[in-house]
Each structure stands twice: as structure tokens, then as C-alpha cells.
Amino acid sequence: MIPERTDWLRHSLTVTGATAEVARFRAAAAGPGIIPWRRDLARLEEEWFLGLAAPPEGERAISLRGARLLARRLRDAVALHEARAQARAMAEDRACPFDLHRLLPVPASLLALGPDEAESRDWLWRHWGTGRAVRQVHELPVTRDRRLRRTDRWVVAFWSADWSPWPALLRLRRGWPALRLDLAPHYDDG
């Protein structure tokens, strides 16, 4: 069941294994940190206009012309944001060290539907265990054990929407059997 309100949960993921295999995983996991959705901008603009022109509370606080103008500006802002996201994805941006879309990509047919369609949300829940891309991803410092020269450890922290990405972790473990992947949710953070 997909929650109506997003609740964010902090995690740390520790990846351990042979130095070369950890390096391969890190290279595969780095990406722009976004899901390059393609939204129906005309539909969004109309929904925003209708919400402004006929608010559920009753009397509107903006003229019809103002509602149309504001809806158009919101559409333009979303279009600009999506164009930048698409450019980052096409440029092979690697700013995010742990990008689920790079490791377990959302199918193109669902990207075309957009994030608000039930089929897209269901896929994310089934395959990732979270309804959105992970956020605020950063590497954590690791103290090295000098006795272990052929193994490495890599740790990232991130926030996921509504739940831990257990389905993604299970798929990653199957795809990277030479590595140990340990996910730790941190429930005590506010």
C-alpha cells in the first residue's frame, strides 16, 4: 500500500568485498540521483488552473486570468526542472554516489507515464521498496584496516521515502553476489 503522505527515513548502506569488486559497484552506482520522468505538462497546467479557479474551500482568491498565468508559470518551472534533470541524466552526471535508477533502472515505458500514475508507483514499490529516488546521498568516512589489503568497505548514507529499499537491496545482492551489502535504517532520527 502506497502512503498518501511521504515520511522520510535515514539509512546507511555498507558495501564490503574485494577491492576491485567494490570499485566496480561504486562506479555502477554513481549517477545523477534522479528519476528522469516525463510528465504531461499540459495536464498538470490544467489541473493547477482548475485548482486555482475553483478551489475546494469555496471562494477563489485569484482572478481567472491570474489563475491561468500562475498555472502557466508553474508548468514552465516544471518544464525547466525536467529539462535540467534530463540533461544531467544524458550527461552521465555522477554527483550522486548511490543512484537506484542507475543500478535498477525504471523502465522507459513507465518514465513516459510519469511519477503520478499508479503503474509507475507500483513498480517503484515492488522493485525499490520506496516511492521516490533516494535523497541526500553522501559517502561516510571509513576507517581502513591496514591488515586487509585485498578487501574494501564503502559506506553511504541516504534518505528514502516511506520505507527502506529492501526489494532493491535484495535485487542488488543477487546481482552482486561477491559483495556483502548491509542496510541499516536509523529510526531514531527526526
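All values reported here derive from a predicted model rather than from experimental measurement.

Some remarks on the side chain of histidine 101
- Its place among the elements puts histidine 101 in helix H4 (residues 100-103).
- For histidine 101, a relative accessible area of 14% corresponds to the buried category.
- Within the structure, histidine 101 has its side chain in polar contact with the backbone nitrogen of valine 106 (distance 3.1 Å).
- Setting aside anything within four residues of it in sequence, one finds histidine 101 in contact with Ile34, Pro36, Val106, Leu111 and Trp128.

A few points about a nonpolar patch on the surface
- On the surface, Trp163, Trp166 and Tyr187 cluster together into a nonpolar patch covering about 350 Å² of accessible area.
- Relative to the helices and strands, tyrosine 187 is located in the segment after strand E4 (180-186).
- Looking at tyrosine 187, the relative accessible area reads 56%, which means it is exposed.

Regarding the environment of valine 156
- The residue valine 156 is located in strand E3 (residues 151-161) in this model.
- Between the C-alpha atoms of valine 156 and proline 97, which are 59 residues apart in sequence, the distance is 7.6 Å.
- Each residue touching valine 156, except ones within four places of it in the same chain, is listed here: His11, Ser12, Leu13, Pro97, Phe98, His138, Glu139 and Leu140.

What to know about the nonpolar core
- Leu13, Phe25, Phe98, Val106 and Trp128 are the most contacted members of the largest nonpolar core, which totals 31 residues.
- Of all elements in the fold, only strand E1 (8-18), helix H1 (19-29), H4, helix H5 (108-113), helix H6 (118-127), E3, helix H7 (166-175) and E4 reach the threshold of two or more residues within this core.
- Leaving out residues up to four positions away in the same chain, valine 106 has contacts with Ile35, Trp37, His101, Leu111, Trp123, Leu124 and Trp128.

Observations concerning the sheet that holds E1
- If you trace the 4 strands from one edge of the open sheet to the other, you get E2-E3-E1-E4, paired in antiparallel fashion. Of all the strands in the sheet, just strand E2 (135-140) and E4 have a single pairing partner and so form its edges. With direction set aside, neighbouring strand axes in the sheet form an average angle of 20 degrees.
- In the sheet, E2 pairs with E3 via 4 bridges, with the strands oriented antiparallel. For leucine 140, the partnering residue across the bridge sits in E3 and is valine 155.

Here we look at the confidence of the model for the protein
- Predicted confidence across the protein gives a mean pLDDT of 88, with 93% of residues reaching 70 or more.
- Mean pLDDT values over the elements of the protein span from 84, in helix H3 (residues 64-90), up to 97, in H7.

Let's talk about the pattern of salt bridges
- Summed over all chains, the structure comprises 8 salt bridges.
- For arginine 26, the salt bridge identified is with glutamate 139, shortest N-O distance 2.9 Å. Note that arginine 26 is positioned in helix H1 and glutamate 139 in strand E2, a separation of 113 residues in sequence.
- Overall, glutamate 139 belongs to the partly exposed group, its relative accessible area being 40%.
- Notably, a salt bridge pairs glutamate 117 with arginine 43, separated by 3.2 Å at the nearest N-O pair. With glutamate 117 in the loop between H5 and H6 and arginine 43 in helix H2 (residues 41-53), this residue pair connects regions lying 74 residues apart in the sequence.
- Taking relative accessible area as the criterion, arginine 43 reaches 34% and is therefore assigned partly exposed.
- Salt bridges sharing common partners tie together Arg43, Glu47 and Glu117.

So, how was this worked out
Residues numbered from 1 in each chain as written. Predicted model: local features only at pLDDT ≥ 70, side-chain atom pairs only at ≥ 80, totals over all residues. Heavy atoms only, no water. Helix = DSSP H or I, 4+ residues; strand = E, 2+ residues; numbered from the N terminus. Buried < 20%, exposed > 50% of the residue type's maximum accessible area, 1.4 Å probe, protein only. Polar contact = N/O pair within 3.5 Å; in protein donor to acceptor, adjacent residues only side chain to side chain. Contact = heavy atoms within 4.5 Å. Patch = residues over 30% accessible without salt bridge, like charges linked within 9 Å, V, L, I, M, F, W, Y side chains within 5 Å. Areas by Shrake-Rupley, 256 points an atom, 1.4 Å probe, with all protein chains shown as cover. Salt bridge = Lys/Arg side-chain N within 4 Å of Asp/Glu carboxyl O. Core = buried A, V, L, I, M, F, W, Y, C linked by side-chain atoms within 4.5 Å. Pairing = 2+ DSSP bridges. Axes fitted to C-alpha atoms, helices over the stretch in contact; angles between N-to-C directions. pLDDT = per-residue confidence, 0-100.

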